[in-house]
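Notes for the structure review
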Amino acid sequence: MPTGQRRGRWTGVPLESRHALRRDNLITAGVQLLGSDRGPALTVRAVCRKAALTERYFYESFSDRDEFVRAVYDDVCTRAMNTLTSAKTPREAVEQFVELMVDDPVRGRVLLLAPTVEPILTQSGAEWMPNFIDLLQRKLSRIGDSVLQKMIATSLVGGLTSLFTAYLNGQLGASRTQFIDYCVNMLFTAASPYVSAAEQAKSE
């Protein structure tokens, strides 16, 4: 039986809710460790220490470290996808993504940098990329040609990924406003030549 202090941690929490809460605590700890500015230092023992849980509870939710790392990455990607999906305008999308991934650089490093240092995430990163491309393609509905939509969306996601990575690493020397303005302008510049005359007339 855990100590009295540990028993108190779950006081008042229904039994059916405890598993989900412990899993959330482990994921939160995993994000912090995988996105550390010193590089990922993610072991099962380190995660459990960070989450103040025993390894027993780790294996209650995850079969091994690899499954856990993928779950951490999926959690960050899902949050990013939800943020972009809820945005009403390109500027809102960029501003909210900066808030999520740059203002909280730990998450930014998980999304953008972890797949380059965690071999287990190579496939996960490749699997998530089409989701971001498809999301942007759906936003390009004013372009009538689906092939053009796909090409533009693919090039934009690649370019924006490089830009956000460089900005997160402090390599651009741009202010927050400069960076957001550039990204928004990039979105409009890439799409505008292919918008039909009829669609352009609607927006004027």
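This text gives an overview of the structure that appears in the document. (Residues numbered from 1 in each chain as written. Predicted model: local features only at pLDDT ≥ 70, side-chain atom pairs only at ≥ 80, totals over all residues. Heavy atoms only, no water.)

1. Some points on helix 5 (residues 65-86)
Taking 1.5 Å per residue, 22 residues should reach 32 Å; helix 5 reaches 32 Å between its end C-alpha atoms and fits that length. Taken together, the buried positions of helix 5 are occupied by Phe68, Val69, Ala71, Val72, Tyr73, Val76, Cys77, Ala80, Met81, Thr83 and Leu84. The backbone nitrogen of Asp66 lies 3.3 Å from a side-chain oxygen of the residue at the head of helix 5, namely Asp64. (Helix = DSSP H or I, 4+ residues; strand = E, 2+ residues; numbered from the N terminus. Expected span 1.5 Å × (residues − 1). Buried < 20%, exposed > 50% of the residue type's maximum accessible area, 1.4 Å probe, protein only. Polar contact = N/O pair within 3.5 Å; in protein donor to acceptor, adjacent residues only side chain to side chain.)

2. A look at the packing of helix 5 against helix 6 (residues 90-101)
Where helix 5 contacts helix 6, the axes come no closer than 8 Å and their chain directions differ by 155°. Between helix 5 and helix 6, the interaxial angle falls into the category roughly antiparallel. You can see that helix 5 and helix 6 cross each other, and the crossing is right-handed. Of the residues in helix 6, those in contact with Val76, Arg79, Ala80, Thr83, Leu84 and Ser86 of helix 5 are Glu92, Ala93, Gln96, Phe97, Leu100 and Met101. Looking at the contact of helix 5 with helix 6 residue by residue, the class counts come to 7 nonpolar, 3 polar and 2 charged. (Axes fitted to C-alpha atoms, helices over the stretch in contact; angles between N-to-C directions. Parallel < 35°, antiparallel > 145°, perpendicular 65-115°, else oblique. Left-handed = near helix turned anticlockwise from the far one by under 90°. Contact = heavy atoms within 4.5 Å. Nonpolar A, V, L, I, M, F, W, Y, C, P; charged D, E, K, R; others polar.)

3. Points about helix 3 (residues 44-51)
Among the residues of helix 3, Val44, Ala46, Val47, Cys48 and Ala51 are the ones counted as buried. Directly after helix 3, the chain includes Ala52, whose backbone phi takes a positive value near 60°.

4. Overview of the nonpolar core
If you look at the biggest cluster of nonpolar residues, it comprises 64 residues, and the most contacted ones within it are Leu26, Leu34, Val47, Phe58, Phe68, Leu111 and Phe164. Top contributing element to this core by residue count: helix 5, with 10 residues. Contacts of Phe58, omitting those with residues within four sequence positions, involve Leu26, Val44, Val47, Cys48, Asp64, Arg65 and Phe68. (Core = buried A, V, L, I, M, F, W, Y, C linked by side-chain atoms within 4.5 Å.)

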